[in-house]
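The primary structure of each chain is shown beneath.
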Amino acid sequence: MTATELISKVFLPISLAIIMLGMGMTLIPDDFKRIFKYPKAIFIGLTNQLILLPIVGFLLAIAFDLNPIMAVGLMILASCPGGPTSNLITQVCKGNIALSVTLTAFASFISILLIPFIISYALHYFGTNTAATIALPILDTILQIMVITVIPISVGMLIRNYKASFAKRMEKPMRTASTVIFILVFMAVLVANKNMLVAGMKEAGLVTLLLNIITMALGYCTAKLFKLDIKSSISIMIESGIQNGTLALVIAASILNNVEMGIPIGVYAIWMFITGGILMWYFGRKKS
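Here is what the cut-offs are and how they apply
- Within each chain, residues carry numbers counting from 1 in the order of the written sequence.
- Under the rules for a predicted model, residues below a pLDDT of 70 receive no local features and side-chain atom pairs below 80 are neither given nor counted, while totals for whole chains, interfaces and linings still include all residues.
- With hydrogens and water stripped out, all remaining heavy atoms of the structure feed into the side-chain values.
- The numbering of helices and of strands both runs from the N terminus, where a helix is a DSSP run of H or I of at least 4 residues and a strand a run of E of at least 2.
- We call a residue buried when its accessible area falls under 20% of the maximum for its residue type, exposed when it is over 50%, and partly exposed in between, using a 1.4 Å probe and counting protein chains only.
- Any two residues having at least one pair of non-hydrogen atoms within 4.5 Å are treated as being in contact.
- For accessible areas, the Shrake-Rupley method is used with a probe of radius 1.4 Å. Any residue's cover is judged against the shown protein chains and nothing else.
- The angle between two axes is taken between their N-to-C directions and runs from 0 to 180 degrees, where each axis is a line fitted to C-alpha atoms and a helix contributes only its stretch in contact.
- Working rule for angles: under 35 degrees goes down as roughly parallel, over 145 as roughly antiparallel, 65 to 115 as roughly perpendicular, anything else as oblique.
- Note on ring pairs: Phe, Tyr and Trp rings are taken, using the six-membered ring of Trp, and paired if centres are within 6.5 Å. Classes follow the plane angle, with under 30 degrees stacked, over 60 edge-to-face and the rest tilted.
- To form a nonpolar core, buried Ala, Val, Leu, Ile, Met, Phe, Trp, Tyr and Cys residues must be joined to one another through side-chain atoms within 4.5 Å.
- Residues forming no salt bridge and having over 30% relative accessible area are the ones grouped into patches, like charges within 9 Å of each other and nonpolar side chains (Val, Leu, Ile, Met, Phe, Trp, Tyr) within 5 Å.
- Any Lys or Arg side-chain nitrogen located within 4 Å of an Asp or Glu carboxyl oxygen qualifies as a salt bridge.
- pLDDT measures how confident the predictor is about each residue, on a scale from 0 to 100.
- Polar contact is the term for a pair of N or O atoms within 3.5 Å; when the atoms are in protein, one must be able to donate a hydrogen and the other to accept it, and sequence-neighboring residues count only if both atoms are side-chain atoms.
- Here a helix's expected span is defined as the number of its residues, less one, multiplied by 1.5 Å.
- Across the chain, bend at a residue is computed as the angle between axes fitted to the seven residues ending at that point and the seven starting from it.

Below, the discussion takes up the overall build of the protein chain. In terms of helices and strands, the protein chain carries twelve helices and zero strands. Within the span of the protein chain, comprising 288 residues, buried residues form 53% of the whole. A fraction of 86% describes how many contacts in the protein chain between residues 6 or more apart in sequence connect residues 24 or more apart. Carbon together with sulfur atoms contributes 71% to the accessible area of the protein chain, which is approximately 13,600 Å² in total.

Right, let's talk about the packing of helix H4 (residues 68–79) against helix H12 (residues 263–284) for a bit. For any two helices packed against each other, the geometry is given by the interaxial angle and the distance between the axes. One way to put it is that H4 packs onto H12 with a least axis distance of 7 Å and a crossing angle of 50°. Relative to H12, the element H4 lies oblique. Each of Met70, Gly73, Leu74, Ile76 and Leu77 in H4 lies in contact with H12, whose residues at this interface are Ile263, Pro264, Ile265 and Tyr268.

Counted according to the given criterion, the structure contains six aromatic pairs. Ring geometry for phenylalanine 58 and tyrosine 125: centres 5.0 Å apart, planes at 65°, overall edge-to-face. One end of the pair, phenylalanine 58, is in helix H3 (residues 40–63); the other, tyrosine 125, is in helix H6 (residues 97–126), and 67 residues separate them in sequence. According to the relative accessible area criterion, phenylalanine 58 is buried, its value standing at 19%.

Right, let's get into the nonpolar core. Counting residues in hydrophobic clusters, the biggest one holds 73 residues, and the most contacted among them are Ile76, Cys93, Phe126, Leu211, Ile251 and Met261. The element that contributes the greatest number of residues to this core is H6, accounting for twelve residues. Dropping the residues within four chain positions of it, phenylalanine 126 is found in contact with Phe58, Ala61, Ile62, Pro68, Ala71, Val72 and Met75.

The phi angle at aspartate 65 is positive, at roughly 50°, despite the residue not being glycine. Tracing the backbone through its elements, the reader meets aspartate 65 in the loop between H3 and H4. The exposed category is assigned to aspartate 65, whose relative accessible area is 66%. Residue lysine 227 is not a glycine yet carries a positive backbone phi of 60°. Within the secondary structure, lysine 227 sits in the loop between helix H9 (194–225) and helix H10 (230–241). Exposure remark for lysine 227: the relative accessible area of 75% places this residue in the exposed category.

Judged by side-chain polarity, Phe36, Phe106, Ile110 and Leu114 come together as a nonpolar surface patch covering roughly 330 Å² of accessible area. Here the nonpolar patch gets three residues from one element, more than from any other, and that element is H6.

This part covers the confidence of the model for the protein chain. Here the protein chain averages 81 in pLDDT, and 84% of its residues register 70 or above. Confidence, read as mean pLDDT per element, is least for helix H1 (residues 3–24) in the protein chain (70) and greatest for H3 (94).

To continue, consider the side chain of serine 86. Summarising the element assignment, serine 86 is placed in helix H5 (residues 84–92). Classification of serine 86 by relative accessible area gives buried; the value is 0%. Of note is the side chain of serine 86, whose polar atom sits 2.7 Å from the side chain of glutamate 239. With near-sequence residues (within four places) excluded, serine 86 lies in contact with Ser100, Thr104, Ile238, Glu239 and Ile242.

Here H6 spans only 38 Å end to end across 30 residues, well under the 44 Å set by a 1.5 Å rise per residue. At isoleucine 112, H6 shows its strongest bend, of approximately 45°, with the proline proline 116 following within four residues. Between a side-chain oxygen at the N-terminus of H6 and the backbone nitrogen of alanine 98 the separation is 3.4 Å; the capping residue is asparagine 96. Trailing H6 by a residue or two, glycine 127 shows a phi angle of about 70°, which is positive.

Turning to the side chain of serine 79, a few remarks are in order. Mapping serine 79 onto the fold places it in helix H4. The buried category is assigned to serine 79, whose relative accessible area is 5%. A distance of 2.9 Å separates the side chain of serine 79 from the backbone oxygen of isoleucine 76, its partner in a polar contact. What serine 79 contacts, discounting residues up to four positions off in sequence, is Ser111, Ile115, Ile118 and Ile119.

Examined against the element boundaries, methionine 157 turns out to sit in helix H7 (residues 138–162). The class of methionine 157 is buried, set by a relative accessible area of 17%. Separated by 134 residues in sequence, methionine 157 and methionine 23 place their C-alpha atoms 8.4 Å apart. Sequence-distant contacts of methionine 157, that is, excluding residues within four places in its chain, are made with Gly24, Met25, Leu27, Ile28, Pro29 and Phe32.

Below, the structure written as structure tokens:
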């Protein structure tokens, strides 16, 4: 097993599962009940993630006149939902964790239906020669989401319910551990993919940075426009700009059999770790 495979198939899933467990220990069922009583935040978050994000990606691909491979790679990324990393960043930024988790779950399931249509259109529009039938491994994707997010969070919530004092004592240590894991994952990703990412940064560096910044800004501004509180605005901003890069790479490399399409995805991962880290530093040091 190569270093990249070890990181993506072993270290990363285990690390994220631990992070989700820590998050679950901060949640109670009422956190989710309050969200369903006020569905406006969910609607705004899903609109940003499932509609505005692909539109921004499409317009940027045209504006920068990307070659077909890079353009389709960008659209694969833009069609993917947020991943568990967005939940971690939201937690450290003291955003609405329950909203973040709910948006990740909803968008993950809805996007399974949307991704084939968006990528099929991108392949047709940008005129690649990739002859591939796009069919997501739905059961595998659902299982991945369940194992990495839903199950650990549920276990964490059970611990919070039955061992509340222990969960409260562990809140700060788990938050610190989550931040350390985040940094280690970021460094591991850089080292394992350094050769491809150096070339990719020249081709797709600016466009992926703009995609990240614009979508985060849109998320925050639309949330404030509809008068959501600061915690919910932070969550929607992060969910709008932090994507499930692992899923995007699976689509590019395994389904479309084109590793080059993964270049903008890898470059975007660097930017989202950097911008996510800045947000964690800025909001994390503020008092709740």
